[in-house]
Amino acid sequence: MISHLLLDIEGTTCPVNFVSDILFPYASANITQFVEENHQDASIAKILQNALDEYNNDHEWHKKSPQKQQLTDSSEDRMNLCDYFLHLISIDKKSTSLKDLQGKIWKKGYIDGDITSRLFPETADCLQQWAADKLTLAVYSSGSIEAQQLLYQHTNNGDLTALFSHWFDTHTGPKKTRESYTQICQTMHVEPNKVLFVSDSGDECDAAEQAGVQTLFSKRAGNPDQNPKHHRWVGNLRDLAQHLS
Ligand SMILES: [Mg+2]
């Protein structure tokens, strides 16, 4: 009998295109204004300093742009750095400072009410039903725990964070590694076979299964991975109830 639901977010409770169509364009459109308005904030200044280090070590970029060794407190230098961020976005570079800055911009966007997360139409009802049925709900997503909580705090169905008991991100370990699921079960003090992990990634389901966790593949239009392999699958969260025993 399942007592715990471990839920992926993107492709499972929220359409994958929310991130690509809403979050990333929002960060790009607001990056210059955000940096100009918040550069004196200590946490933003730290991100900008880290970005400058990346900038100074990026030889490809310097073929196109004059190298700046030091970030001065001038508007012009900050604009150069913003151009660099937009360049990193355009080449889909995995940059820690860019990721950190995008996180700060999204947080402000959520708090200001500019961004509302759009879950699948049935997600909020299902979460409420499962919580009412005394299932323990947990999140496991590659987005940071802060990003997970912002997403569930600012949904088109209100703040849903109180429905969840546990939050896990890749600080626990990679999502395609068996040990991550073992660790999660230990943290939740539950036997693996009482946990149902729901994800749109067949590889993540494989890793969970290797840890003895029950799996359910989320197969939805728009998801890049449409192959449930040997895992049970649902096309709508309302059908999850059939897989609880
Ligand atoms: Mg996913």
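The written sequence of each chain sets the order in which its residues are numbered from 1. In view of the model being predicted, local features appear only for residues whose pLDDT reaches at least 70, and side-chain atom pairs are presented and counted only at 80 or more, with totals across whole chains, interfaces and linings using the full set of residues.

A. Expanded view of the packing of helix 8 (residues 178-188) against helix 9 (residues 202-210). Lines fitted to the C-alpha atoms define the axes, with helices restricted to the stretch that makes contact. Angles between their N-to-C directions range from 0 to 180 degrees. For the purposes of this entry, the term helix denotes a DSSP run of H or I that reaches at least four residues, the term strand denotes a run of E that reaches at least two, and both are numbered from the N terminus. Orientation of helix 8 relative to helix 9, taken along the N-to-C sense of each, is 60 degrees, at an axis distance of 7 Å. What the angle tells us is that helix 8 and helix 9 run oblique. Where helix 8 crosses over helix 9, the two elements pack in a sense that is right-handed. Here Arg-178, Ser-180 and Tyr-181 of helix 8 lie close against helix 9, whose contacting residues are Ala-207, Ala-208 and Gln-210. Within the contact of helix 8 with helix 9, the residues separate by chemical class into 3 nonpolar, 2 polar and 1 charged. Angles below 35 degrees are treated as roughly parallel, those above 145 as roughly antiparallel, those between 65 and 115 as roughly perpendicular, and all remaining angles as oblique. Throughout, a crossing is termed right-handed when the near helix is turned clockwise from the far one, and left-handed when it is turned anticlockwise from it by less than a right angle. Placing C-beta atoms from the backbone, we regard two residues as in contact once those atoms come within 7 Å. All amino acids are sorted into three groups, where Ala, Val, Leu, Ile, Met, Phe, Trp, Tyr, Cys and Pro are nonpolar, Asp, Glu, Lys and Arg are charged, and the leftover types, Gly among them, are polar.

B. Summary view of the nonpolar core. To count as a nonpolar core, a set of buried Ala, Val, Leu, Ile, Met, Phe, Trp, Tyr and Cys residues must be joined through C-beta atoms within 7 Å. Here the C-beta atoms are placed from the backbone, and a residue counts as buried if at least 20 other C-beta atoms lie within 10 Å of its own, exposed if 12 or fewer do, and partly exposed otherwise. Ranked by internal contacts, the top residues of the largest apolar core, which has 52 residues, are Leu-6, Phe-85 and Phe-197. Element by element, the count of residues in this core is highest for helix 5 (residues 96-112), at 5 residues. The start and end points of each domain follow an automatic or database-based domain assignment. Both domain 1 (4-15 + 116-243) and domain 2 (20-112) contribute no fewer than three residues apiece to this core. Ignoring sequence-local partners within four residues, the contact set of Leu-6 consists of Ala-138, Tyr-140, Ile-184, Val-195, Leu-196 and Phe-197.

C. Geometry of the sheet that holds strand 1 (residues 4-7). For two strands to count as paired, DSSP must find a minimum of two bridges between them. Strands sit in the order 3-2-1-4-5-6 across an open sheet of 6 strands; the sheet is parallel. In the strand order of this sheet, the two ends are held by strand 3 (166-168) and strand 6 (233-234), each with one partner. Pairing of strand 1 with strand 2 (residues 136-140) involves 4 bridges; the strand directions are parallel. Bridge pairing in strand 2 places Leu-5 opposite Leu-137.

D. View of the domain arrangement of the protein. Looking at the protein, the domain boundaries give domain 1 (4-15 + 116-243) and domain 2 (20-112). Taking only C-alpha atoms, the centre of domain 1 and the centre of domain 2 are 31 Å apart. The interface is formed by 5 residues belonging to domain 1 together with 4 residues belonging to domain 2. The residue makeup of the side of domain 1 that touches domain 2, split by class, is 2 nonpolar, 2 polar and 1 charged.

E. Broad picture of helix 2 (residues 42-56). The span expected for a helix works out to 1.5 Å for each residue beyond the first. For helix 2, spanning 15 residues, the distance from its first C-alpha to its last is 21 Å, which sits close to the expected 21 Å at 1.5 Å a residue. Those residues of helix 2 not exposed but buried are Ile-47, Leu-48, Ala-51 and Tyr-55. Along the long axis of helix 2, the arc covered by the buried residues comes to 100 degrees, so they all point the same way. Away from its buried face, by an angle of more than 90 degrees, helix 2 presents the exposed residues Ala-42, Ser-43, Lys-46, Gln-49 and Asp-53. On the buried face of helix 2, the contacting elements are helix 3 (59-62), helix 4 (75-90) and helix 5. Working note: the arc is built from the helix axis to C-beta atom directions.

F. Expanded view of the packing of helix 2 against helix 4. For the pair helix 2 and helix 4, interaxial distance at closest approach is 11 Å and the crossing angle is 70 degrees. In terms of orientation, helix 2 lies roughly perpendicular with respect to helix 4. Seen along the crossing, helix 2 lies across helix 4 with a hand that is left-handed. Two secondary-structure elements touch here, helix 2 through Leu-48, Ala-51, Leu-52 and Tyr-55 and helix 4 through Leu-81, Tyr-84 and Phe-85. Of the residues that constitute the contact of helix 2 with helix 4, the class distribution is 7 nonpolar, no polar and no charged.

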